[in-house]
Amino acid sequence: MSSILTYTTADKCDGYRDLAFYPTPWQATEAALLAERPWLVGFDSIDEPACGKGDMAEIMKAHGFDVVATDLIDRGYGTGDVDFLSP
């Protein structure tokens, strides 16, 4: 079995970033919360570093979690222009 590693430099991705928007279906967020709730309740807040338009964050908030929502692209929800990989 072989695996393939593709390396793309940041400058090749820059034109694509504005288009890279894939909202998480609500069912996936609900399933994740159902499975991980016992573990998640031990944290003061949940970081959502790719919040988009807030699909996941709003469901997590509805379940009583404090959510810090950021994104590299400002789509009108949370704090935009935040790269969670930057120091």
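Please refer to the structure higher up on the page.
On a predicted model such as this, the values are computed, not experimentally measured, just so you know.

Draft legend 1. Broad picture of unusual backbone geometry. Even without being glycine, aspartate 81 reaches a positive phi, approximately 60°. Turning to its location among the elements, aspartate 81 is positioned in the segment after strand 2 (67–69).

Draft legend 2. Broad picture of the environment of tyrosine 22. Here tyrosine 22 is to be found in the loop between helix 1 (10–17) and helix 2 (26–40). The exposed category is assigned to tyrosine 22, whose relative accessible area is 61%. Sequence separation between tyrosine 22 and alanine 50 is 28 residues; the distance between their C-alpha atoms is 9.9 Å.

Draft legend 3. Structural context of helix 3 (residues 55–62). All of the buried residues in helix 3 are Ala57, Ile59 and Met60. Projected onto a plane normal to the axis of helix 3, the buried residues spread over an arc of 165° and lie on a single side. Those residues of helix 3 hidden inside the fold are in contact with helix 2, strand 1 (46–48) and strand 2. Just beyond helix 3, the residue with positive phi is glycine 64, at close to 95°.

Draft legend 4. Layout of the packing of helix 2 against helix 3. Close contact between helix 2 and helix 3 brings their axes to 10 Å; oriented N to C, the two are set at 45°. Considering the angle they form, helix 2 stands oblique to helix 3. Seen from above, helix 2 lies across helix 3 with right-handed handedness. Contacts from Trp26, Thr29, Glu30 and Leu33 in helix 2 reach Met56, Ile59 and Met60 in helix 3. Among the residues making up the contact of helix 2 with helix 3, the classes are represented as five nonpolar, one polar and one charged.

The rules behind these values
- Residues numbered from 1 in each chain as written.
- Predicted model: local features only at pLDDT ≥ 70, side-chain atom pairs only at ≥ 80, totals over all residues.
- Heavy atoms only, no water.
- Helix = DSSP H or I, 4+ residues; strand = E, 2+ residues; numbered from the N terminus.
- Buried < 20%, exposed > 50% of the residue type's maximum accessible area, 1.4 Å probe, protein only.
- Arc of directions from axis to C-beta.
- Contact = heavy atoms within 4.5 Å.
- Axes fitted to C-alpha atoms, helices over the stretch in contact; angles between N-to-C directions.
- Parallel < 35°, antiparallel > 145°, perpendicular 65-115°, else oblique.
- Left-handed = near helix turned anticlockwise from the far one by under 90°.
- Nonpolar A, V, L, I, M, F, W, Y, C, P; charged D, E, K, R; others polar.

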